Amino acid sequence: MDCLFCKIIEGKIASSKVYDDKNVFAFKDISPQAPIHYLFVPKNHISSLAQFTDDTMPVMEEIFAAIRNVTKQEGHDKSGFRIAINTGQHGCQTVHHLHVHLLAGKQLGGNFSGL
Ligand code: AMP
Ligand code: ZN
């Protein structure tokens with residue numbers, strides 16, 4: 001399967017890794033929209049939140065645990081942050097491997113127009 005994020009997970013395309021465990025990988029977004037802009041992905045290919053099943057639900061818990069760990073470690077739990085999951089055409093998803101954006105490190109806008 002020709003998937004950019006699968007290739008990043010496999011190390012075939014370089015990325016700046018920020019988190020790695022059994023089922024979850026996270027790396028810096030190549031086009032950051034905030035001082036901190038990371039992407040958290042399941043290691044197994046799931047194309048989007050719309051393709052989620054009960055079987056794939058547990059990895060979402062692991063992704064949220066990873067986000068909790070990273071945000072705590074970097075102190076964003078105190079200052080605050082935003083997560084976003086663009087899904088499908090109307091959600092402006094451009095890479096079709098499920099990913100959770102983590103944005104932090106500055107005062108973000110109070111609406112979603114900048115995402
Ligand atoms: P989305 O629009 O939600 O599908 O987000 C895809 C994100 O992937 C965008 O924020 C891109 O900047 C990011 N991106 C695309 N290619 C790469 C790459 N090679 N390494 C890191 N991030 C990437
Ligand atoms: Zn993939």
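Above this text sits the structure in question.
Only a predicted model underlies this, so the values are computations on that prediction, with no experimental measurement involved.

## A word on the coordination of the zinc ion (ligand 2)
Donor atoms from the polypeptide that coordinate the zinc ion (ligand 2) comprise C3 (SG), C6 (SG), H45 (ND1) and H97 (ND1), at 2.0 to 2.3 Å from the metal. Coordination at the zinc ion (ligand 2) is tetrahedral, judged from the four donor atoms that bind it and the angles of 104 to 116° they form at the metal. Motif for the zinc ion (ligand 2), donor spacing along one chain: C-x2-C-x38-H-x51-H. Placement of C3 in the segment before α1 (4–10) and of H97 in the loop between β4 (81–84) and β5 (100–104) is noted, with a sequence separation of 94 residues between them. Both residues of the pair, C3 and H97, belong to the buried class.

## Details of the pattern of salt bridges
Going through the model one piece at a time under the given rule, you end up with four salt bridges. In this structure, K7 and D2 form a salt bridge, with 2.5 Å as the shortest nitrogen-oxygen distance. Here K7 falls in the partly exposed class, since its relative accessible area comes to 28%. Here D2 falls in the exposed class, since its relative accessible area comes to 68%. Residue E10 pairs with K12 through a salt bridge whose shortest N-O separation is 2.8 Å. Residue class for K12 comes out exposed when judged on its relative accessible area of 63%. Ionic contacts of the salt-bridge type, sharing partners, join the residues K17, D20 and K43 into one network.

## What to know about the pairing of strand β3 (residues 36–42)
Most of β3 sits out of view: seven of its seven residues are buried. Neither face of β3 is exposed, since I36, Y38, F40 and P42 on one face and H37, L39 and V41 on the opposite face are all buried. Two strands pair when backbone bridges link them, and strand β2 (residues 24–28) and β3 are joined in this way by five bridges, in the antiparallel orientation. Its bridge partner lying in β3, A26 is registered against F40.

Conventions we followed
Residues numbered from 1 in each chain as written. Chains lettered and ligands numbered in written order. Predicted model: local features only at pLDDT ≥ 70, side-chain atom pairs only at ≥ 80, totals over all residues. Heavy atoms only, no water. Donors = N, O, S within 2.8 Å, 3.2 Å for Na, K, Ca; no water. Tetrahedral: all angles 85-135°; square planar, octahedral: opposite > 155°, others 65-115°. Helix = DSSP H or I, 4+ residues; strand = E, 2+ residues; numbered from the N terminus. Buried < 20%, exposed > 50% of the residue type's maximum accessible area, 1.4 Å probe, protein only. Salt bridge = Lys/Arg side-chain N within 4 Å of Asp/Glu carboxyl O. Pairing = 2+ DSSP bridges.

Just distances and angles here, no functional claims.
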